[in-house]
Every structure is written in C-alpha cells, then in structure tokens.
Amino acid sequence: MKDGKFLTLGIETSCDETAASVVADGRFVMSNVISSQIDIHTQYGGVVPEIASRKHLERINDVIAEALSGAGVKAPELDLIGVTYGPGLVGALLIGVAAAKAMAYACDIPLIGVNHMHGHIAANYLEHHDLEPPFMALIVSGGHTEIVNVPGYNKCEKLGGTRDDAAGEAFDKVARVIGLGYPGGPKIDRAARDGDPDAIAFKRVYLEPGSLDFSFSGLKTQALNYLNTEKQAGREINVNDVAASFQEAVTEVIADKAVDAAVRYSQKRIVMAGGVASNSRLRYLMEKKAGERGIDVLKPSPVLCTDNGAMIASAAYYEYGSGRRTELDLDAVPGLEF
Ligand code: KG4
Ligand code: ZN
C-alpha cells in the first residue's frame, strides 16, 4: 500500500514476452515493462520454446526491477503479486511462476495465479476505467480465438472457440507462405492497406448455422493453392492483394460471430482482447457491424492488446478481491482451460 493505493505486481512469461507491471487499485498502470523476444524468434520463423525459456530466465529479474523502479515502488510496498500460470509454454510459464513465488515468499506478499485469458479480458479495465461487467468478450490471439460471456468479475462463460488454428496462428501461417515473415499479424495488417480485399475469393467458414466456433486451418491451404495456381499460370503475385483478401475472410467471420453472440445474450458491449484485437480491419468491421445493432465496442490500446504484465495484475486484483488465494505450491498449467 502506498499513498492509499492497493499495489499489484503482474508478471507474464507465457510465450515470448517477459513482462512485469505495477498497477494501482486494479485499474491504473504505474509501469508496464515488456521485453520482447521477437527479434530472436524471427530468425526461426516462430517461437522456439527452449529459447523462450532461456531468454525469460535471463531477463525476468531486470524486468521486475524496472517495473518496480518505474512505478517508484519498493517490493515490500506491494500488496499482491499476480502471475500467469497458464495456458502457455510450460518452460516459459515456469520462469514467471518461480520468480513470483520467490518474491511472494521473501517479502510475505499474497500471490494469485492468473489464467492468461482472464488477463486479456482484464486489459480492458486498465483502458476503460469505468468499465464493469456484464459484457461480451472477444479474445483473438496467437493461441486463442474465443467468444466469452462475462456476466461479472471473475465469471466467464465460453460460448465458442476455434476448432483448429487460432486467428493469430492463421495470420502467422499465411504471412509465412506469402513471404511476409514473422510475426505475420502486423505484417499482413500493413500489407493489406495497399491491397484489394475482393481480389481473391477466400472462403468464409461459418460452420453449422448458429455455431459460435471458428475454423481457420483451411485458409493456409487456400492461400497455398492460390499461389501455386498463379505461379503455374505464370502470373505475378500481388502480395498486398493476398494479404487483404485473406484478412477480410478472417475478420469478417470473427466480427459476424462476435456481434451475433452479443445480440443473442442481449449484451450491449463487446470488449476485444488479444494480439489480433489490434488488427485495424477487425477493429473497423467490429465497430461497423456492432454499431448497426446498437452495440458498443471497446478495445485496449495496442500495447495492452498484446501480452503484458499489467493485464495480469488487473485480473489478479479482481480475483483477490473475490476472496481467491493461491498457495506457494502453484505450478504452471500449460493447457489451462478457461
Ligand atoms: O496476444 P498475443 O500477443 O500473444 C498470444 O498469442 O497470447 O498475440 C499474438 C498474435 C500473433 O499471432 C500476431 O501475429 C497477432 O497476435 N497480431 C496481429 C496483429 N498484431 C498482432 N494479428 C493481426 N493483425 C495485427 N495487427
Ligand atoms: Zn496472449
């Protein structure tokens, strides 16, 4: 506690960002340190789990120290430590969990293990200080594509998810086949701005009528087939057109289903979360389609959309407030469900 504020340290190491942040009263970001490993993994075309763990280990202490000094806070002044314990890469998660447990034990601070997906939803509390449940949440990241009904703090009801690839994974895979490299999402987003979304008729996969599930794995095959056909016909490939057409097929389906879910559950707000929530076309389509049904769309700024410690601190704050406690035998759970 400092100046009457409840201080939470959030630690996040589930994938390729080593991140720590101090958040006041679950809502106000005092520091947000993110050490990205993207440059290293880019050389391999994707995240290499072994390297990710090693880099987390090298960076974690400095990242936590920077988060504390950036917030002007000393460790004993912290009221709570929140840490991602799943889902994610097991070796990567273990580094954050071990650091959080050591600090909680050494400074006698309560600990909360946070579900990474709950963290992505909580990112919205940091951006929109008046936001309170109920709302519908759309989580679109490298590992997940989920529509979640959020009736209250710490209450989540998953309504639909991907049956194969996550949205971000589809972006990353298609970017690789069209030669844009890793990470694919932001590169496709950028290339698509100069492309025609109607140039190639990528199939929109809606699955059974009424389903809120997704399937994106066919898009990579469609992109590959298109590239092969064009190559064989001796035609030049316009990468911007492929990017724009692919992006349109993914974002249209996501926006349609998220809005459908909100209408069916009478929710007047949809909050977006996860790395793909920073996609400019998805943001545009969500606002347009939701707006037509009188539904508001809220999004965190890009830095809070991708993995960060602040969202974990906020989720931990609300779980702690609801009476939940985590023991010091907390373990990483790579396949943690919602
Ligand atoms: O939430 P996140 O940082 O990490 C997890 O997966 O948990 O999301 C990363 C994913 C990657 O697949 C990346 O390509 C995608 O988010 N992404 C984007 C954009 N920015 C990041 N996808 C589409 N458009 C973007 N602008
Ligand atoms: Zn994430």
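Student: Give me the sheet that holds strand E1 (residues 7-12): which residues, what numbers.
Tutor: Ordered by their spatial adjacency, five strands build an open sheet running E3-E2-E1-E4-E5, and the pairing between neighbours is mixed. Because the sheet does not close on itself, it has two edges, and the strands there are strand E3 (28-36) and strand E5 (111-115). Pairwise comparison of adjacent strand axes, ignoring direction, gives a mean angle of 20° for this sheet. Summarising the sheet, E1 and strand E2 (residues 17-24) pair through six bridges and their orientation is antiparallel. Within the sheet, the bridge partner assigned to Gly 10 lies in E2 and is Ser 21. Sitting on the sheet, helix H4 (residues 116-127) is in contact with E1, E2, E3, strand E4 (80-86) and E5, with an inclination near 100° to E5. Against the sheet, helix H11 (residues 309-321) engages E1, E2, E3, E4 and E5, with an angle of about 125° to E1.

Student: I'd like a rundown of the state of the cysteines, residues and numbers included.
Tutor: By the definition in use, this model includes zero disulfides. Cys 15 forms no disulfide, and the closest cysteine sulfur to it belongs to Cys 305, at a distance of 16 Å. Residue Cys 15 is classed as partly exposed on the basis of its relative accessible area, which comes to 24%.

Student: Tell me about the coordination of the zinc ion (ligand 2), residues and numbers included.
Tutor: Ideal coordination angles are 109.5 degrees for a metal with four donors arranged tetrahedrally and 90 or 180 degrees for a metal with six donors arranged octahedrally. The zinc ion (ligand 2) binds to the protein through His 116 (NE2), His 120 (NE2) and Asp 307 (OD), with metal-donor distances spanning 2.0 to 2.2 Å. Around the zinc ion (ligand 2), the four donor atoms sit at angles spanning 91 to 144°, and that spread fits a shape best called irregular. Sequence positions of the residues that donate to the zinc ion (ligand 2) give the spacing H-x3-H-x186-D. Placement of both His 116 and His 120 in helix H4 is noted, with a separation of four residues, approximately one turn of the helix. For the residue pair His 116 and His 120, the accessibility class agrees, reading buried in each case.

Student: Pulling in residues and values, what's your account of the domain arrangement of the protein chain?
Tutor: Each domain of the protein chain was delimited in the assignment, giving domain 1 (7-127 + 305-321) and domain 2 (135-301). A C-alpha centroid distance of 27 Å is found between domain 1 and domain 2. Listed as interface residues are 21 residues of domain 1 and, on the opposing side, 25 residues of domain 2. Taking both partners together, domain 1 and domain 2 bury about 1,900 Å²; carbon and sulfur atoms supply 66% of that area. Looking at the side of domain 1 facing domain 2, the largest losses of area belong to Ile 121, Asn 124 and Cys 305, adding up to 35% of the total buried there. The tally of links between domain 1 and domain 2 comes to nine residue pairs in polar contact (both at pLDDT 80 or more). Every element with two or more residues in the side of domain 1 that touches domain 2 is listed here: helix H1 (38-42), H4 and H11.

The rules behind each value
Residues numbered from 1 in each chain as written. Chains lettered and ligands numbered in written order. Predicted model: local features only at pLDDT ≥ 70, side-chain atom pairs only at ≥ 80, totals over all residues. Heavy atoms only, no water. Pairing = 2+ DSSP bridges. Helix = DSSP H or I, 4+ residues; strand = E, 2+ residues; numbered from the N terminus. Axes fitted to C-alpha atoms, helices over the stretch in contact; angles between N-to-C directions. Contact = heavy atoms within 4.5 Å. Disulfide = S-S within 2.5 Å. Buried < 20%, exposed > 50% of the residue type's maximum accessible area, 1.4 Å probe, protein only. Donors = N, O, S within 2.8 Å, 3.2 Å for Na, K, Ca; no water. Tetrahedral: all angles 85-135°; square planar, octahedral: opposite > 155°, others 65-115°. Domains from an automatic or database assignment. Buried area = accessible area lost by both parts, 1.4 Å probe. Polar contact = N/O pair within 3.5 Å; in protein donor to acceptor, adjacent residues only side chain to side chain.

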